[in-house]
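# Summary of structural features
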Amino acid sequence: MEGGGGSGNKTTGGLAGFFGAGGAGYSHADLAGVPLTGMNPLSPYLNVDPRYLVQDNDEFILPTGANKTRGRFELAFFTIGGCCMTGAAFGAVNGLRLGLKETQNMAWSKPRNVQILNMVTRQGALWANTLGSLALLYSAFGVIIEKARGAEDDLNTVAAGTMTGMLYKSTGGLRGAARGGFAGLTLTSLYALYNNWEHMKGSFLQQSL
């Protein structure tokens, strides 16, 4: 019986040593007083040095010379698509409102439903085309300015917005172009201010201290 028990212990010990649960490991004396904060010290729960689990390298492999953040050219597709979808949704809601307003004196019938549907479709296409065109001009100007200056900052955003407004309203003459440029300058300036609000607030707090 003792021989069987000894054989069982040897088998268990061999399996434990094979899977790393037994054999040479960290003793209780080695793990005593090891802090649990951070990943550098040895873990009291794992028979492995956690330093081997820390990944100092990036998770994704980037091509040579590629940036970690997407540039204006990559963001242009998202911007144009997002503006088209936003314009279509807003135009559909606006078309529904106008259709219900224009047909409020009509009884619920097929002609009224067709008229409302036509209004929804027309307004959705109109607003999608308008916002999509603005997004296309803004993205094109942004990419051109970024390549010309060789830098990416808020100045590119404000300049692209101003030039987009001027070109979009250029059919109205100099006065229309000026109004469009001012509108683009105002919107992009507010957008840049929103993006840098936390940084500006932190700078003001540091100066006050």
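Conventions used here
- Residues numbered from 1 in each chain as written.
- Predicted model: local features only at pLDDT ≥ 70, side-chain atom pairs only at ≥ 80, totals over all residues.
- Heavy atoms only, no water.
- UniProt positions renumbered as here; feature names shortened; annotations may be inferred.
- Patch = residues over 30% accessible without salt bridge, like charges linked within 9 Å, V, L, I, M, F, W, Y side chains within 5 Å.
- Areas by Shrake-Rupley, 256 points an atom, 1.4 Å probe, with all protein chains shown as cover.
- Salt bridge = Lys/Arg side-chain N within 4 Å of Asp/Glu carboxyl O.
- Helix = DSSP H or I, 4+ residues; strand = E, 2+ residues; numbered from the N terminus.
- Axes fitted to C-alpha atoms, helices over the stretch in contact; angles between N-to-C directions.
- Parallel < 35°, antiparallel > 145°, perpendicular 65-115°, else oblique.
- Left-handed = near helix turned anticlockwise from the far one by under 90°.
- Contact = heavy atoms within 4.5 Å.
- Nonpolar A, V, L, I, M, F, W, Y, C, P; charged D, E, K, R; others polar.
- Buried < 20%, exposed > 50% of the residue type's maximum accessible area, 1.4 Å probe, protein only.
- Polar contact = N/O pair within 3.5 Å; in protein donor to acceptor, adjacent residues only side chain to side chain.

Naming follows an unreviewed UniProt entry, where the protein appears as Mitochondrial import inner membrane translocase subunit TIM23 of Erinaceus europaeus. According to its UniProt record, the protein has this under Subcellular location (unreviewed entry): "Mitochondrion inner membrane".

A cluster of nonpolar side chains, namely Leu96, Leu100 and Trp108, defines an oily patch on the protein surface of about 330 Å² accessible area. For Trp108, the position within the fold is in the loop between α3 (72–102) and α4 (110–149).

A side chain with one charge may pair with a side chain of the opposite charge, provided their charged atoms come close. Evaluation of the coordinates by the stated rule reveals one salt bridge. Where Asp153 meets Arg149, a salt bridge forms, and the shortest distance between an N and an O atom there is 2.9 Å.

So, on to the packing of α4 against helix α5 (residues 154–168). Working note: a packed helix pair is described by the angle between its axes plus the distance between those axes. Relative orientation of the contacting elements α4 and α5 amounts to 135°, with a least axis distance of 8 Å. What the angle tells us is that α4 and α5 run oblique. The chirality of how α4 crosses α5 is right-handed. The residues of α5 that touch α4, namely those facing Thr130, Leu134, Leu137, Tyr138, Phe141, Gly142, Ile145, Glu146 and Arg149, are Leu155, Asn156, Thr157, Ala159, Ala160, Gly161, Met163, Thr164, Leu167 and Tyr168. Looking at the contact of α4 with α5 residue by residue, the class counts come to 11 nonpolar, six polar and two charged.

Glancing now at the environment of Gly82. Mapped onto the secondary structure, Gly82 falls in helix α3. Overall, Gly82 belongs to the partly exposed group, its relative accessible area being 28%. When the C-alpha positions of Gly82 and Ala135 are compared, they lie 8.9 Å apart, and in sequence the two are 53 residues distant.

Inspection of the secondary structure assignment puts Asn156 in helix α5. At a separation of 2.6 Å, a polar atom in the side chain of Asn156 contacts the side chain of Arg149. Looking at Asn156, its side chain comes within polar contact range of the main-chain oxygen of Ala151, at 2.6 Å. For Asn156, the contacting residues outside a window of four places in its chain are Arg72, Ile145, Glu146, Arg149 and Ala151.

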